[in-house]
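Notes for the structure review
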Amino acid sequence: MTTVSAESPILSSVAAYYTSKVQVHGATPRGVDWNGAPSHDLRHQQFLRLLDGSAESSVLDLGCGYGDFLRFLRHAGHRGPFIGYDIAPAMIEEARRIHGDGADRQWHVGAEPHAVADFAVASGIFNVKGDVLQENWERYVYETIETLAKAGRGGFAFNVLSLSSDPERRSPNLYYADPGAMLSHCLRHYGRAVALLQDYGLYEFTMIVRHI
């Protein structure tokens, strides 16, 4: 599968969008285009299902923003190495400012990880399609899922806005996926150890995929 180039118009647009958000709102949930801290933590919480209590496992966060998932993991007792990637340099600058670099945390600008971890996650990176054609955005989504699958040796997880949400609440600049179609895609390409979580009260779902 051909991956999206780091110089692609899609990634350039996404990087510009999130750069503008963090410049206006700083290292806050609104700075990564979430409504607030409670829902932000609720999204983080779903990914703990992937780690399954493995406190020493390494985690790769694709689209890490300012590194809030690292904060969440440490508060949850996770001690393993953390590698964050983001296509917006401003986000990585904030992540380094807040969390620093060290033996247990690294920060990189980019869309294509050059590292592999025990588990890979991506939160919110599929939502804001702007004026990109639906078919082009969906290609980007599935190519990025393949990147995640390769980056997590033990498994991977991601979230995406759900077509099960109320139609009147949807925004034309956002991408909504069919949870059934996404479940079928992951089962077909990555095996049977797949879970779809859509019971945590937000207008989205989380996919958990284990490599077994």
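Please read all numbers here as calculations on a predicted model, not as lab measurements. (Residues numbered from 1 in each chain as written. Predicted model: local features only at pLDDT ≥ 70, side-chain atom pairs only at ≥ 80, totals over all residues. Heavy atoms only, no water.)

1. Side note on the packing of helix H2 (residues 37-51) against helix H3 (residues 68-75)
Across the interface, H2 lies against H3 with an axial gap of 10 Å and an inter-helix angle of 65°. For the pair H2 and H3, the sense of crossing is right-handed. Residues His40, Asp41, His44, Gln45, Phe47, Leu48 and Leu51 of H2 lie in contact with H3, whose contacting residues are Asp68, Phe69, Arg71, Phe72 and Leu73. Partitioning the contact of H2 with H3 into residue classes produces six nonpolar, three polar and three charged. (Axes fitted to C-alpha atoms, helices over the stretch in contact; angles between N-to-C directions. Helix = DSSP H or I, 4+ residues; strand = E, 2+ residues; numbered from the N terminus. Left-handed = near helix turned anticlockwise from the far one by under 90°. Contact = heavy atoms within 4.5 Å. Nonpolar A, V, L, I, M, F, W, Y, C, P; charged D, E, K, R; others polar.)

2. Side note on the confidence of the model for the chain
Model confidence for the chain is summarised by a mean pLDDT of 90, while 90% of its residues fall at 70 or above. This model gives residues 1-7 a pLDDT under 50, and the stretch forms 13 contacts once residues within four places in sequence are excluded. (pLDDT = per-residue confidence, 0-100.)

3. Digging into the side chain of Thr206
Structurally, Thr206 can be placed in strand E8 (residues 204-210). With sequence-adjacent residues up to four places away left out, Thr206 is seen in contact with Gln46, Phe47, Phe158, Asn159, Ala195, Leu196, Leu197 and Tyr200.

4. What about the pattern of salt bridges?
Inspection of the entire model under this criterion finds 10 salt bridges. Where Glu56 meets Arg79, a salt bridge forms, and the shortest distance between an N and an O atom there is 2.6 Å. Of this pair, Glu56 sits in the loop between H2 and strand E1 (59-62) while Arg79 sits in the loop between H3 and strand E2 (82-86); the two residues are 23 residues apart in sequence, bridging distant segments of the chain. Here Glu56 matches Arg79 in class, with each residue exposed. Its salt-bridge partner being Arg169, residue Asp166 comes within 3.6 Å of it at the nearest N-O pair. Classification of Asp166 as partly exposed rests on a relative accessible area of 32%. (Salt bridge = Lys/Arg side-chain N within 4 Å of Asp/Glu carboxyl O. Buried < 20%, exposed > 50% of the residue type's maximum accessible area, 1.4 Å probe, protein only.)

5. Some points on the environment of Leu50
Among the secondary structure elements, Leu50 is positioned in helix H2. When near neighbours in sequence (up to four residues on either side) are disregarded, Leu50 contacts Phe119, Ala120, Val121, Gly155, Phe156, Ala157, Ile208, Val209 and Arg210.

6. Details of the nonpolar core
Counting residues in hydrophobic clusters, the biggest one holds 32 residues, and the most contacted among them are Phe156 and Phe158. Looking at this core, the elements that each hand over two or more residues are helix H1 (9-25), E1, E2, strand E4 (117-122), helix H5 (134-151), strand E5 (152-162), helix H6 (179-190) and E8. Considering every element that reaches this core, the biggest residue donor is H5, with seven residues. Residues in contact with Phe156, not counting those within four places in the same chain, are Leu50, Ala120, Ile145, Leu148, Ala149, Tyr190, Met207, Ile208, Val209 and His211. With 20 residues, the next largest nonpolar core counts Val59, Leu70, Phe82 and Ile208 among its residues. (Core = buried A, V, L, I, M, F, W, Y, C linked by side-chain atoms within 4.5 Å.)

7. A short note on the side chain of Ser123
Among the secondary structure elements, Ser123 is positioned in the loop between E4 and H5. Here Asn159 takes part through its side chain, which lies 3.0 Å from a polar atom of the side chain of Ser123. (Polar contact = N/O pair within 3.5 Å; in protein donor to acceptor, adjacent residues only side chain to side chain.)

8. Examining the environment of Asn173
Mapped onto the secondary structure, Asn173 falls in the loop between E5 and strand E6 (176-177). On the basis of relative accessible area, Asn173 is assigned to the partly exposed category, the value being 29%. As for Asn173 and Asn127, which are separated by 46 residues in sequence, their C-alpha atoms are 8.6 Å apart. Apart from the residues within four sequence positions on either side, Asn173 is in contact with Asn127, Val128, Lys129 and Gly130. A polar contact is formed between the side chain of Asn173 and the side chain of Ser171, at a distance of 2.4 Å.

9. Quick notes on unusual backbone geometry
The phi angle at Asp52 is positive, at roughly 55°, despite the residue not being glycine. The residue Asp52 is located in the loop between H2 and E1 in this model. Relative accessible area serves as the criterion here: at 61%, Asp52 is assigned to the exposed category.

10. Some remarks on the packing of H5 against H6
When two helices pack together, you describe them by how their axes are tilted relative to each other and by the distance separating the axes. One way to put it is that H5 packs onto H6 with a least axis distance of 12 Å and a crossing angle of 45°. Judged by the inter-axis angle, H5 sits oblique to H6. Considering the relative orientation of H5 and H6, their crossing is right-handed. Of the residues in H6, those touching H5 at Val141, Tyr142, Ile145, Glu146 and Ala149 are Met182, His185 and Tyr190. Each residue belonging to the contact of H5 with H6 can be placed in one class, and the counts come to six nonpolar, one polar and one charged. (Parallel < 35°, antiparallel > 145°, perpendicular 65-115°, else oblique.)

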